[in-house]
Amino acid sequence: MAEPDPAVRAPGILSLFGEHGYSEIWGVGPPYEGGDTEYEREIESLFPEAEKVYVETYCPPESDEDSGQ
């Protein structure tokens, strides 16, 4: 989740098209192979203008079928 921030310049030539940058990025996703830190690095590379990136991963609860019960 993120809201464009008019005070933050979009990277590259995106600002020429009227785009604004993002100061904070919030995300929740499934476990990532590289771990939370690697996931955050990937998001930071996509939004280099963001000052803060918050990422939480979740593990869906196992269903009774998955646990063999």
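The structure under discussion appears in the preceding block.
Going along each chain's sequence as written, the residues are numbered from 1 onward. For a predicted model such as this one, the threshold for reporting local features is a pLDDT of at least 70, and the threshold for listing and counting side-chain atom pairs is 80 or more; totals across whole chains, interfaces and linings nevertheless cover every residue. Excluded from the side-chain calculations are hydrogens and water; all other atoms, namely the structure's heavy atoms, are used.

Colleague: Even after reading the chapter, I still don't get the overall build of the protein, so can you show me in this structure?
Modeller: Labels follow the DSSP assignment, with helices taken as runs of H or I lasting at least four residues and strands as runs of E lasting at least two, numbered in each case from the N terminus. Looking only at helices and strands, one finds 2 helices and 4 strands in the protein. Seen in sequence order, the protein has helices and strands lined up from the N terminus as β-β-β-α-β-α. To sort residues, take the accessible area from a 1.4 Å probe on protein chains only and compare it with the maximum for the residue type: under 20% means buried, over 50% means exposed, and anything in between is partly exposed. The 69 residues of the protein split such that 19% are buried. Here a residue-residue contact requires only that any non-hydrogen atoms of the pair lie within 4.5 Å. Long-range contacts, defined as pairs at least 24 residues apart, comprise 50% of the intrachain contacts of the protein with a sequence gap of at least 6.

Colleague: How should I be thinking about the nonpolar core in this particular structure?
Modeller: It is characteristic of soluble globular proteins that their nonpolar side chains tend to be buried jointly. In this description, a nonpolar core means a group of buried Ala, Val, Leu, Ile, Met, Phe, Trp, Tyr and Cys residues linked to one another through side-chain atoms lying within 4.5 Å. If you look at the biggest cluster of nonpolar residues, it comprises 7 residues: Tyr 22, Ile 25, Tyr 39, Ile 43, Ala 50, Val 53 and Val 55. Secondary structure elements with two or more residues in this core: α1 (35-46) and β4 (52-57).

Colleague: Would you explain a nonpolar patch on the surface in this entry?
Modeller: On the surface, Ile 13, Leu 14, Leu 16 and Phe 17 cluster together to form a nonpolar patch covering roughly 480 Å² of accessible area. Its location among the elements puts Leu 16 in the loop between β1 (5-9) and β2 (20-21). Patch definition: residues above 30% relative accessible area lacking any salt bridge, with like charges linked at up to 9 Å and the nonpolar side chains Val, Leu, Ile, Met, Phe, Trp and Tyr linked at up to 5 Å. For accessible areas, the Shrake-Rupley method is used with a probe of radius 1.4 Å. Any residue's cover is judged against the shown protein chains and nothing else. By definition here, a salt bridge exists when the distance from a side-chain nitrogen of Lys or Arg to a carboxyl oxygen of Asp or Glu is within 4 Å.

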